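Below, each chain spelled out in residue letters.
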Amino acid sequence: MVDLDVRWRLHPQVAVRPEPFGALLYHFGTRKLSFVKSVGAVEVVTALGEHPTARDALRAAGVEDDVTYRKAIATLAESRMLVRAP
Amino acid sequence: MNPVPRLVEQFERGLDAPICLTWELTYACNLSCVHCLSSSGKRDPRELTTRQCKDVIDELERMQVFYVNIGGGEPTVRSDFWELVDYATEHHVGVKFSTNGVRIDEKVAAKLAASDYVDVQISLDGATAEVNDAVRGPGSFAMAIRALENLSAAGFRDAKISVVVTRHNVGQLDEFKALADRYGATLRITRLRPSGRGADVWDELHPTAAQQVQLYDWLVARGDGILTGDSFFHLSGLGQPGALAGLNLCGAGRVVCLIDPVGDVYACPFAIHDRFLAGNILSDSGFQNVWQNSALFRELREPQSAGACGSCEHFDGCRGGCMAAKFFTGLPMDGPDPECVQGYGEPALAAERDKPKPSGDHSRAGGRKAPVPLTLLTPPKKFCNESPV
């Protein structure tokens, strides 16, 4: 499972396109497309870099205990859409 | 975050912008493949100018269309081709372009190797010259291999070898894979469509029912790392749901579309015909307007009737198959795909049918005589210096 106690942010080569269902993410480096399937998850994912840890970002959005958000972060980290930030 | 049915339904209702889009830059081509989707050969005098192409790119950037699949014709014979590729990547529109390799010399290969945002797809329809050249024309195998060699030598990573699966090359899938491995390339295989000149050869070239099974089995067993462009969703009824990778839905007018060399927008790359013409970017106030408001695309985004396929247990898997394949073989749109894996397409194909007349054709007169690469090797000084007729 992804380490939630560090800072994550979107990879600089990732573009986010808002959609009614959430967002499409495209990584210009890996050419991979991902789907974020809720507007709430898009807000959390795009704000990750502003928080010292992913857990703080989840807490700020009031979804710390919601497993779907953690899974979203884990999946995006696995596909390098998200990277560790200092 | 794998797609789930809910997301597929979203896609079927259409997105505000396509996920990706095919853009054919020219109808001019040095080859005359027998199955050409766009019946290419001669340049069209109305082809978009450099400025008009850049305007399209600006619009795609605003709409956040992440990448375009550029094709043709042979797109690299446009004298402004590299200028447009650079313009697109500078404007956050990634480029994947399809080529027969005619212009991929050592110098071009080195330039491509230096770019992070350009993908190259070399078309090859046989793993041997004999099989390939019968479809793509004399010398075309050697031309494609030379391009792959140049790319590989220049350090270009992960070129794509793009294969249209036919009756004659379906037995060569392992050989194609070996060829791709040799050049550090990825194999991409797609379905033969009866579109363009393909309508004339489809009956003889499309894989037989037994070969469809062979193809499906190969994809399930060896398909990891093989690209298919979601091309074979009509085969999903051959096995368990989800056994084939991909979304397995027809994205025409919903998540994909085609812009042709004169700015006409069609529902998909396999549907260059008035029946699937949504509008024109020049006369209908730009691409975004056509994408979002055209009557055709609105209709395609409505729930589609399952028609004769409604009672089939595999309907959820194949959704009735490919719209273009049905249309160009003269089958009803709300019936089975001509290559329906349950065999429902066969009686329909055997019955009397009316194939639609093509609504455009840029083939060179007299068909294929000999390869004509030399006349096009030097780009015309100005776009229109070379007579399109």
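Fair warning: this is a prediction, and the values are worked out from it, not measured in the lab. (Residues numbered from 1 in each chain as written. Chains lettered and ligands numbered in written order. Predicted model: local features only at pLDDT ≥ 70, side-chain atom pairs only at ≥ 80, totals over all residues.)

## Topic: the overall build of chain B
Counting its secondary structure elements, chain B contains 15 helices and nine strands. Compactness check: chain B gives a C-alpha radius of gyration of 20 Å against a globular reference of 21 Å for 389 residues, within 12% of the reference. The burial tally for chain B puts 50% of its 389 residues in the buried class. Sequence-distant contacts, at least 24 apart, represent 71% of the contacts inside chain B between residues at least 6 apart. (Helix = DSSP H or I, 4+ residues; strand = E, 2+ residues; numbered from the N terminus. Rg over C-alpha atoms; globule rule 2.2 N^0.38 Å. Buried ≥ 20, exposed ≤ 12 C-beta atoms within 10 Å, placed from the backbone. Contact = placed C-beta atoms within 7 Å.)

## Some words on the environment of B:K42
By the element assignment, B:K42 lies in the loop between β1 (20–26) and α2 (50–62). Taking the C-alpha atoms as reference points, B:K42 and B:S285, separated by 243 residues in sequence, lie 27 Å from one another.

## Quick look at the packing of helix α5 (residues 129–136) of chain B against helix α6 (residues 140–154) of chain B
Residue and element names in this part refer to chain B. Interaxial distance between α5 and α6 falls to 8 Å at its minimum, and their mutual angle equals 110 degrees. As the angle between them shows, α5 and α6 are arranged roughly perpendicular. Counted together, A129, N132, D133 and R136 of α5 and S140, F141 and A142 of α6 form the full contact between these two elements. A per-class count over the contact of α5 with α6 returns three nonpolar, two polar and two charged. (Axes fitted to C-alpha atoms, helices over the stretch in contact; angles between N-to-C directions. Parallel < 35°, antiparallel > 145°, perpendicular 65-115°, else oblique. Nonpolar A, V, L, I, M, F, W, Y, C, P; charged D, E, K, R; others polar.)

## Thoughts on the interface of chain A and chain B
Contact with chain A, which involves 15 residues of that partner, is made by 13 residues of chain B. Put simply, the parts of the chain that give the side of chain A that touches chain B at least two residues each are β2 (14–19), β3 (22–27), β4 (32–36) and α3 (67–78) of chain A. If you tally residues by element for the side of chain A that touches chain B, the top one is β4(A), at four residues. Residues of the side of chain A that touches chain B, tallied by class, amount to nine nonpolar, two polar and four charged.

## Some thoughts on the nonpolar core
Of all hydrophobic cores here, the largest spans 131 residues; its most connected members are B:V68, B:Y266 and B:C268. Considering every element that reaches this core, the biggest residue donor is α6(B), with six residues. (Core = buried A, V, L, I, M, F, W, Y, C linked by C-beta atoms within 7 Å.)

## Some thoughts on the sheet that holds β2(A)
All names here are of chain A. Sheet architecture is open: three strands sit in the order β2-β3-β4, paired in antiparallel fashion. Looking at the sheet topology across the chains shown, the edges are occupied by β2 and β4. Put simply, the sheet's adjacent strands are angled 20 degrees from each other on average, direction ignored. Contacts from helix α1 (residues 39–47) reach β2, β3 and β4 within the one sheet, and its direction differs from that of β3 by about 45 degrees. (Pairing = 2+ DSSP bridges.)

## Observations concerning the sheet that holds strand β6 (residues 186–191) of chain B
All names here are of chain B. On the basis of which strands lie adjacent, the open sheet formed by nine strands has the order β6-β5-β4-β3-β2-β1-β7-β8-β9 and mixed pairing. Only two strands of the sheet have a single partner each, and these edge strands are β6 and β9 (277–280). Of the pairings in the sheet, the one linking strand β5 (residues 160–165) to β6 comprises six bridges and is parallel in character. From the neighbouring strand, V165 faces β6, where its bridge partner is R191.

## Remarks on unusual backbone geometry
Leave glycine aside and you will find that most residues have negative phi; peptide bonds, for their part, are mostly trans. Residues and elements named next belong to chain B. The omega torsion across G72 and G73 is 20 degrees, close enough to zero to call that bond cis. By the element assignment, G73 lies in the loop between β2 (67–72) and α3 (81–90). The backbone of H92 shows a phi angle near 60 degrees, a positive value even though the residue is not glycine. Counting through the fold element by element, H92 comes out in the loop between α3 and β3 (94–99). When the 17 C-beta atoms within 10 Å are taken as the criterion, H92 is described as partly exposed. Positioned with a positive phi, S285 is a non-glycine residue whose angle comes to about 60 degrees. When you line up the elements, S285 lands in the loop between β9 and α10 (287–293).

## A short note on α1(A)
Residues and elements named next belong to chain A. Those residues of α1 not exposed but buried are A41, V42, V44 and V45. Down the axis, α1 shows its buried residues gathered within 165 degrees of arc, on one side only. Summarising the contacts, the buried residues of α1 are in contact with β2, β3, β4, α2 (54–60) and α3. (Arc of directions from axis to C-beta.)

## Re the environment of B:Y87
All names here are of chain B. Within the fold, Y87 resides in helix α3. It is 38 Å that separates the C-alpha atoms of Y87 and Q304, two residues lying 217 residues apart in sequence. If we ignore the near neighbours within four places in the chain, the residues touching Y87 are K54 and I57.

## Let's talk about the pairing of β1(B)
Residue and element names in this part refer to chain B. Among the seven residues in β1, seven count as buried, and that is most of the element. When β1 meets β2, the two strands line up parallel, connected through six bridges. Its bridge partner lying in β2, L21 is registered against V68. In the classification by handedness, the crossover that spans β1, the intervening α2 and the parallel β2 is right-handed. Here two bridges tie β1 to strand β7 (residues 258–259), and the two strands are oriented parallel to one another. Each residue of the ladder has a partner; that of T22, found in β7, is L258. (Right-handed = clockwise from strand over helix to strand, strands pointing away.)

## Things to note about the packing of α1(A) against α3(A)
The packing of two helices is summarised by the inter-axis angle and the distance between the axes. Residue and element names in this part refer to chain A. Orientation of α1 relative to α3, taken along the N-to-C sense of each, is 55 degrees, at an axis distance of 10 Å. Relative to α3, the element α1 is oriented oblique. Once α1 is placed against α3, the crossing between them reads as right-handed. Residues A41, V44 and V45 of α1 lie in contact with α3, whose contacting residues are Y69, A72, I73 and L76. Among the residues making up the contact of α1 with α3, the classes are represented as seven nonpolar, no polar and no charged. (Left-handed = near helix turned anticlockwise from the far one by under 90°.)

## Some details on the confidence of the model for chain B
Residue and element names in this part refer to chain B. Summing up the model confidence of chain B, the mean pLDDT is 90 and the portion of residues at 70 or higher is 91%. Below pLDDT 50 for its whole length, residues 1–5 participates in nine contacts with residues either more than four positions away or in separate chains. Confidence drops under a pLDDT of 50 for residues 372–389, and excluding neighbours within four residues, the segment shows 18 contacts in the predicted structure. Across the assembled chains, the prediction reports ipTM 0.89 with pTM 0.90. (pLDDT = per-residue confidence, 0-100.)

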